[in-house]
Amino acid sequence: MKYDVIIIGAGPGGIFAAYELAEANKGIRVAVFEAGNELKKRKCPIDGDKIKSCIGCKTCSIMSGFGGAGAFSDGKYNITNDFGGTLYEHIGKDKALELMHYVDKINMKYGGEGTRMYSTTGTKFKKLCIQNGLQLLDASVRHLGTDKNYEVLENIYNELRDKVDFYFNTHVDHIRISGGGYEIEAKGEKYTCDKCIISVGRSGSAWMEKVCEELDIPTTSNRVDIGVRVELPAVIFDHLTDELYESKIVYRTKQFGDRVRTFCMNPHDAVVNENTNGIITVNGHSYESADKHTENTNFALLVAKHFSEPFKDSNGYGESIARLSNMLGGGVIVQRFGDLVKGQRSTPSRINESFTRPTLKATPGDLSLVLPKRIMDGIIEMIYALDKIAPGTANDDTLLYGVEVKFYNMEVELDENLETKYKDLYVIGDGSGVTHSLSHASASGVYVARRMLEE
Ligand SMILES: Cc1cc2nc3c(=O)[nH]c(=O)nc-3n(C[C@H](O)[C@H](O)[C@H](O)COP(=O)(O)OP(=O)(O)OC[C@H]3O[C@@H](n4cnc5c(N)ncnc54)[C@H](O)[C@@H]3O)c2cc1C
C-alpha cells in the first residue's frame, strides 16, 4: 500500500493532522495507524465489581484508540503558552496561540458550541495570588467536559472516516527509511509513504524511544511530576472556579525553593483512579452536565523532578513512588490533611467522620510513608499558602489522595518544523516530549499538516 502521508497514532495530534490534510481536499492519500480501537469500541473492563483491577489488556482502552489519551479526559483545552508544553519554542508564541484558537474553532464546529470559555484576563485573583506569594498563570480554557469531548471526537471521526484510511488495532512495529520516503510495518504488512508523522503520545513512549535509537535521532530526558490530589468542599474554591474554572497557580516553597503547582482542577466533580501500565494512580474527572456534579472540588498539587546525571530515568523514579503507594494501599491512598500534619495515618473511621465526603473509594493510610519528605513538605507549604486565598483549604478534613504522577516523554530533537533530522519525518504531540496537553498536541498536528500542504 502506498500513501502520500502516513500518520502513526490517532490521538489529538494525529487526528488534527489528518483533519487538516483531509479538509484541504487536494486528493492527498492519508492513512492513520492506531494501536487501539475506534472510539465506540473503547471500553476498560474494570467495572469495580467483577473486575476490580487492571487485567493488562493488549492495548489499554483508556490510553489508546481514536481520541488517544484525551478521549475520556475532561476535555479542558488550555489556550496558553504558559503551560501544556513548549510548542512555542519551536514555532513561536504567536503561531502557537493562533493554532490553539483554530483547534478551538474546529471543536466548536463539531459539537462543542455552547460550552464555556474561561479566562484569566483582567481577573482580580492575579493580585490576590501575588499578595500571598502565589502566581496565577495566564490562560484561556475551553471546558468541553468528558461527555462533550467524546461527542466532538465522534463527530470528527464521522467527518474523516470516508476521507482517510483508518487502521485500528494496528500497532506499528517498525519504521524504515525507504527510497525517498518511509516504509512502516504493522501486523506483518508493509506500507510506504512519502511523508510520515509520528504522533504516538504517552502510551507510545517506549516505542518512540526505540525508533529514535534505531534511526539515531537524538533525545533528551524529560521531567516527571509527582504529588497528590486534593479534595475539598466546592464552596471553598467556588469564588475562583466560578470565574476561572481552572486556575493554574504556582508556589515557590520557602524550605527548598521548589515549585509546587496546581494542576487539573475539577469543580464539583469526582476523584478517579488512573491506570498507567498497571500502576494505579489518581486523577480527577470533570463532567459538563450538572446531573453528574458532586459537592466537592478536586485538583492536583504537583512537584516537578528532573534527573539527568548519572540517573536519567525521571519516569522510572515516578513509577517507583506510585508502585510504593500501590504496595501499601493496594491502590490509591487517602489521608485527611489534619492526620498528615499530626503525623498519624488516616483510618476508615477517621475518613468516615470527615466532613468532606470522599468521591473515590481509596485506602485510608499515610502518604508521608510514600512521598519523599521534600515533596511532601512542599505540598503542605502550598496548602497553607492556598488557604490564604481560599480559606478552608488547610482544614483538617481536606482529603489528599496519592499518588498523582504525570509522566512526560523524553524530548525528541526536532527543528522549527517539528521535523527530525530526516526530511519528511515529523514527530508531534506528547510523543515528541514537546507538548503535554490537548490543545498543544492538536496544534502541533495542524502545524505539520499545513507545512506539508505548503510544500
Ligand atoms: C485521564 C487523562 C486526562 C487528561 N485530561 C486532560 C485535559 O483535560 N486537558 C489537557 O490538555 N490534557 C489532558 N490530558 C493529556 C492529553 O490527553 C494529552 O496531552 C493528549 O492526548 C496528547 O495527544 P497526542 O495525540 O500527542 O497523544 P495521545 O493522545 O496519547 O495519542 C497517541 C495515540 O497513539 C497510539 N499509538 C501509540 N503507539 C503506537 C504505535 N506504535 N502504533 C500505532 N499507534 C500507536 C496510541 O494508542 C494513542 O491512541 C489528559 C490525559 C489523561 C490520561
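See the structure shown above.
Report follows, based on the coordinates. (Residues numbered from 1 in each chain as written. Predicted model: local features only at pLDDT ≥ 70, side-chain atom pairs only at ≥ 80, totals over all residues.)

**Comments concerning the overall build of the protein**
The condition is simple: Counting from the N terminus, the helices are DSSP H or I runs at least four residues long and the strands are E runs at least two residues long. Here the globule rule is a power law, 2.2 Å times the number of residues to the power 0.38, and the radius of gyration is based on C-alpha atoms. Here a residue counts as buried when 20 or more other C-beta atoms fall within 10 Å of its C-beta, as exposed when 12 or fewer do, and as partly exposed in between; the C-beta atoms come from the backbone. Note that contacts rest on C-beta atoms placed from the backbone: two residues are in contact if these are within 7 Å.
Broken down by element type, the protein carries 12 helices and 22 strands. Its C-alpha atoms give the protein a radius of gyration of 22 Å, near enough to 23 Å, the size a compact globule of 455 residues would have. The buried share of the protein, taken over its 455 residues, is 50%. For the protein, the proportion of contacts with a sequence separation of at least 24, taken over those separated by at least 6, is 76%.

**A few points about helix 11 (residues 373-389)**
Put simply, the rule reads: The span you would expect from a helix comes to 1.5 Å times its residue count less one.
With 17 residues, helix 11 should cover 24 Å at 1.5 Å per step; its first-to-last C-alpha distance of 25 Å lies within 8% of that length. All of the buried residues in helix 11 are Ile-375, Met-376, Gly-378, Ile-379, Ile-380, Met-382, Ile-383, Ala-385, Leu-386 and Ile-389.

**Thoughts on the site of the ligand**
In plain terms, the rule: For each residue, a C-beta atom is positioned from the backbone; the residue is called near a molecule or strand if that atom sits within 6 Å of it. Amino acids are sorted into nonpolar (Ala, Val, Leu, Ile, Met, Phe, Trp, Tyr, Cys and Pro), charged (Asp, Glu, Lys and Arg) and polar (every other residue, Gly among them).
What surrounds the ligand is a group of 41 residues, the closest being Gly-9, Gly-11, Gly-68, Gly-201 and Gly-429. Looking at the shell around the ligand, the elements with two or more residues in it are helix 1 (12-23), strand 3 (76-79) and helix 12 (438-454). A per-class count over the shell around the ligand returns 11 nonpolar, 24 polar and six charged.

**A few points about helix 5 (residues 145-160)**
Compared with the 22 Å implied by 1.5 Å per residue over 16 residues, the 22 Å span of helix 5 between its first and last C-alpha is a close match. Those residues of helix 5 that are buried lie in contact with helix 1, helix 3 (93-112) and strand 6 (140-143).

**Some remarks on the sheet that holds strand 20 (residues 399-407)**
The strands making up a sheet are joined through hydrogen bonds of the backbone, oriented either antiparallel or parallel. Condition: When DSSP finds two or more bridges between a pair of strands, those strands are recorded as paired.
Within the open sheet, the eight strands sit side by side as 5-13-14-17-12-20-18-19. Their pairing is mixed. Both outer strands of the open sheet, strand 5 (134-136) and strand 19 (363-364), are each paired with one neighbouring strand and no more. Where strand 18 (residues 333-336) meets strand 20, four bridges bridge the pair, whose relative direction is antiparallel. Looking across to strand 20, one finds that Arg-336 is bridged to Leu-399.

**Details of the packing of helix 3 against helix 5**
Note the following rule: Orientation is described by lines fitted to C-alpha atoms, with helices fitted over the stretch in contact, and by angles between N-to-C directions that extend from 0 to 180 degrees. Every angle not falling under 35 degrees, over 145, or within 65 to 115 is termed oblique; those three ranges are roughly parallel, roughly antiparallel and roughly perpendicular.
Between helix 3 and helix 5, the shortest axis-to-axis distance is 8 Å and the interhelical angle comes to 95°. Overall, the two elements helix 3 and helix 5 adopt an arrangement that is roughly perpendicular. Of the residues in helix 5, those touching helix 3 at Asn-107, Tyr-110, Gly-111 and Gly-112 are Lys-148, Glu-151, Val-152, Asn-155 and Ile-156. When grouped by side-chain class, the residues that make up the contact of helix 3 with helix 5 number three nonpolar, four polar and two charged.

**Concerning the sheet that holds strand 4 (residues 117-119)**
Reading across the sheet, the three strands line up as 3-6-4 and stay open at both edges, with antiparallel pairing between neighbours. This sheet does not close on itself; its edge strands, each paired only once, are strand 3 and strand 4. The sheet shows a mean angle of 20° between the axes of neighbouring strands, direction not considered. Here four bridges tie strand 3 to strand 6, and the two strands are oriented antiparallel to one another. Residue Ile-79 lies in a different strand from strand 6, and its bridge partner there is Ser-140.

**Side note on the environment of Gly-36**
By the element assignment, Gly-36 lies in the loop between strand 2 (30-33) and strand 3. A sequence separation of 35 residues divides Gly-36 from Met-1, and the C-alpha atoms of the two residues are 21 Å apart. Among residues more than four places away in sequence, those in contact with Gly-36 are Arg-42, Thr-59, Ser-61, Ser-64, Gly-65 and Phe-168.

**Thoughts on the pairing of strand 6**
One ladder, built from three bridges, connects strand 4 with strand 6; its direction is antiparallel. Across the sheet, residue Ser-119 finds its bridge partner in strand 6, namely Ser-140.

**Details of the pairing of strand 1 (residues 2-8)**
The criterion, for reference: Orienting the strands away from the viewer, one traces the path from the first strand over the helix to the second; a clockwise path indicates a right-handed crossover.
Counted residue by residue, strand 1 has five buried out of seven residues, so it is predominantly covered. Looking at chain direction, strand 1 and strand 10 (residues 189-198) are connected through six bridges and run parallel. Bridging across to strand 10, Tyr-3 finds its partner in Cys-193. Pairing analysis gives four bridges linking strand 1 to strand 2, with the strands arranged parallel. Paired with Val-5 across the two strands is Val-30, which belongs to strand 2. Once the chain exits strand 1 it traverses helix 1 before rejoining the sheet at strand 2, and the crossover so formed is right-handed.

**Re the environment of Phe-66**
Within the secondary structure layout, Phe-66 lies in the loop between strand 2 and strand 3. With residues up to four places along the chain from it excluded, the contact list for Phe-66 reads Ala-10, Glu-34, Glu-38, Leu-39, Leu-153 and Tyr-157.

**A word on the nonpolar core**
To keep it simple, the criterion reads: Think of a nonpolar core as buried Ala, Val, Leu, Ile, Met, Phe, Trp, Tyr and Cys residues, each tied to the set through C-beta atoms within 7 Å.
Core analysis: the biggest nonpolar cluster contains 123 residues, and Ile-6, Ala-18 and Tyr-401 have the highest contact counts within it. Non-local contacts of Ile-6, meaning those with residues more than four positions away in its chain, are made with Ala-31, Phe-33, Ile-184, Tyr-191, Cys-193 and Cys-196.

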